[in-house]
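Observations on the model geometry
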Amino acid sequence: KSFRAWEFLLENFLCTHVSECFPVTIDVGTNNQKLLDDEVYIGFRHKRATGQEYADLLDEFMSAIRQNYQEK
């Protein structure tokens, strides 16, 4: 089963309706060497995060969101 970040965010975020949420894009790098070598590439210039590194990054992001934007 492929990982769907939007499902994770909706299931684990503090919003109860999609109108209360906003989309987030997390740049986790690229494995495209042509982009990594391109001087005008504006993305995260590192090899793509995968596996545990990717999961840890999303966990850290979600923890920060919960800490800063949780309902009071």
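In this text the structure is predicted, and so the values were computed from the model without any measurement.

Reading guide: rules and limits
- Residues numbered from 1 in each chain as written.
- Predicted model: local features only at pLDDT ≥ 70, side-chain atom pairs only at ≥ 80, totals over all residues.
- Heavy atoms only, no water.
- Helix = DSSP H or I, 4+ residues; strand = E, 2+ residues; numbered from the N terminus.
- Buried < 20%, exposed > 50% of the residue type's maximum accessible area, 1.4 Å probe, protein only.
- Contact = heavy atoms within 4.5 Å.
- Areas by Shrake-Rupley, 256 points an atom, 1.4 Å probe, with all protein chains shown as cover.
- Polar contact = N/O pair within 3.5 Å; in protein donor to acceptor, adjacent residues only side chain to side chain.
- pLDDT = per-residue confidence, 0-100.
- Expected span 1.5 Å × (residues − 1).
- Arc of directions from axis to C-beta.

Some points on the overall build of the chain
If you tally the helices and strands in the chain, you get three helices and zero strands. Start at the N end of the chain and walk to the C end: the helices and strands fall as α-α-α. Per-residue burial over the chain gives 17% buried out of 72 residues. A fraction of 38% describes how many contacts in the chain between residues 6 or more apart in sequence connect residues 24 or more apart. Of the roughly 6100 Å² of accessible surface on the chain, 53% is carried by carbon and sulfur atoms.

Quick notes on the environment of Arg45
Assignment of secondary structure puts Arg45 in the loop between α2 (33-37) and α3 (51-69). For the pair Arg45 and Leu35, spaced ten residues apart in the sequence, the C-alpha separation amounts to 8.2 Å. Once residues within four sequence positions are removed from consideration, Arg45 is found in contact with Leu35, Leu36, Asp37, Asp38 and Glu39. Here Leu36 takes part through its backbone oxygen, which lies 2.9 Å from a polar atom of the side chain of Arg45. Polar side-chain contacts of Arg45 include one of 2.8 Å to the backbone oxygen of Tyr41.

Concerning the confidence of the model for the chain
When pLDDT is averaged along the chain, the result is 80; 69% of the residues meet or exceed 70. Between the elements of the chain, mean pLDDT differs from a low of 61, seen in helix α1 (residues 5-12), to a high of 96, seen in α2.

Structural notes on α3
Counted at 1.5 Å a residue, the expected span for α3 with its 19 residues is 27 Å, and the 27 Å between its end C-alpha atoms agrees. All buried positions along α3 are accounted for by Leu58, Met62 and Ile65. One side of α3 holds all its buried residues, which, seen down the axis, span an arc of 60°. Away from the buried face of α3 by more than 90 degrees, exposed residues Gln52, Glu53, Glu60, Gln67 and Asn68 are located.

Focus on the side chain of Thr30
Residue position: Thr30 is located in the loop between α1 and α2. Here Asn32 takes part through its backbone nitrogen, which lies 3.0 Å from a polar atom of the side chain of Thr30. Contact partners of Thr30, with chain neighbours within four places excluded, come to Leu35, Leu36, Tyr41, Phe44, His46, Lys47 and Arg48.

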